Amino acid sequence: MAKRTDNIITSGHTGRFGKFVFTSNDIVRSRPDFSKRVFSPAQIAHFTQWEQAIAFGRRAIRDPELNDYYAKKAEQKKGLGAWHLAIKNYFEMPGIYSVHMGTRWNHDRVELEILSRGIYKLKELKITFSKPDGSILEEGPADLPDDDLFWYYPLQNEVSATMGNLITFSGCSLPGHIFRNTMTIRNDFPFEAIVENDKISQTAKKNRKLKSQLRTD
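If you're wondering where the values come from, they're calculated on a predicted model, not measured in any experiment.

Thresholds applied
- Residues numbered from 1 in each chain as written.
- Predicted model: local features only at pLDDT ≥ 70, side-chain atom pairs only at ≥ 80, totals over all residues.
- Heavy atoms only, no water.
- 1 Å grid on protein atoms, 1.4 Å probe; cavity = no way out; pocket = protein on both sides within 12 Å on 5 of 7 lines; lining within 4 Å.
- Points joined across faces, edges and corners; volume = space filled by probe spheres on them.
- Helix = DSSP H or I, 4+ residues; strand = E, 2+ residues; numbered from the N terminus.
- Nonpolar A, V, L, I, M, F, W, Y, C, P; charged D, E, K, R; others polar.
- Core = buried A, V, L, I, M, F, W, Y, C linked by side-chain atoms within 4.5 Å.
- Buried < 20%, exposed > 50% of the residue type's maximum accessible area, 1.4 Å probe, protein only.
- Contact = heavy atoms within 4.5 Å.

## Looking at the layout of surface pockets
Quantified by volume, the largest pocket comes out at close to 570 Å³. Surrounding the largest pocket, 20 residues form its lining, Tyr-69, Lys-73, Lys-121, Asp-147 and Asp-148 being those nearest its centre. Residue assignment for the lining of the largest pocket shows that the elements contributing at least two residues are helix 2 (64-74) and strand 6 (111-116). Looking at the lining of the largest pocket residue by residue, the class counts come to nine nonpolar, three polar and eight charged.

Structure (structure tokens):
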């Protein structure tokens, strides 16, 4: 290993040069040889995931709509751009964080208010109500209003939300990760919220005295 001090020929060099590598801290060393190294399955999977993330990042910055979305997110992150956040989004697995059922102040119809996991929006979200035997009661796409954090699904029939029935959330993230979560409607569900992994949120536990706007009989 050698370190240059003041050499006009190598001044400012970084990266590979033949069999040598110039590092950013002025170190010159031989190029590492990985030809005989055996990577574990976990390492290979990680490398593959990074390759896929980089491919999505390139696709995102070429897409005007995606690039604009990530660029707006990047405005709040000092030193990061649309490229960085697109890659970050690739490693975020989608899911449902919480679901509230009721009516909004300017809507008379009962709706699901759904918050997805993570800071990035989903590409699409579908809601399905079904009986325990699997027969479908109703289904349809949820809607994400502009600049809103929550997805909304208007309930077609309040009977669909009867205790014991199932509700399935199926969707896709912007990078293309697909998810499917199925939860059972219980006593707690119509009153407040269900949270990922079918656990009641701390907020719901504190507010159980609130009355449901849905029938549970």
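## Points about the nonpolar core
Counting 21 residues, the largest nonpolar core has Leu-112, Ile-114, Leu-125, Ile-127, Phe-129, Ile-167 and Phe-169 as its most contacted members. Elements that contribute at least two residues to this core include exactly strand 5 (96-102), strand 6, strand 7 (122-130), strand 9 (150-154), strand 10 (166-173) and strand 11 (178-184). Considering each element in turn, this core owes the most residues, four residues, to strand 7. Excluding residues within four positions of it along the chain, Ile-127 makes contact with Leu-112, Ile-114, Glu-138, Glu-139, Gly-140, Ala-142, Tyr-153, Ile-167, Thr-168 and Phe-169. Ranked by size, the runner-up nonpolar core spans 14 residues in total, among them Ala-53, Tyr-69, Tyr-90 and Tyr-120.

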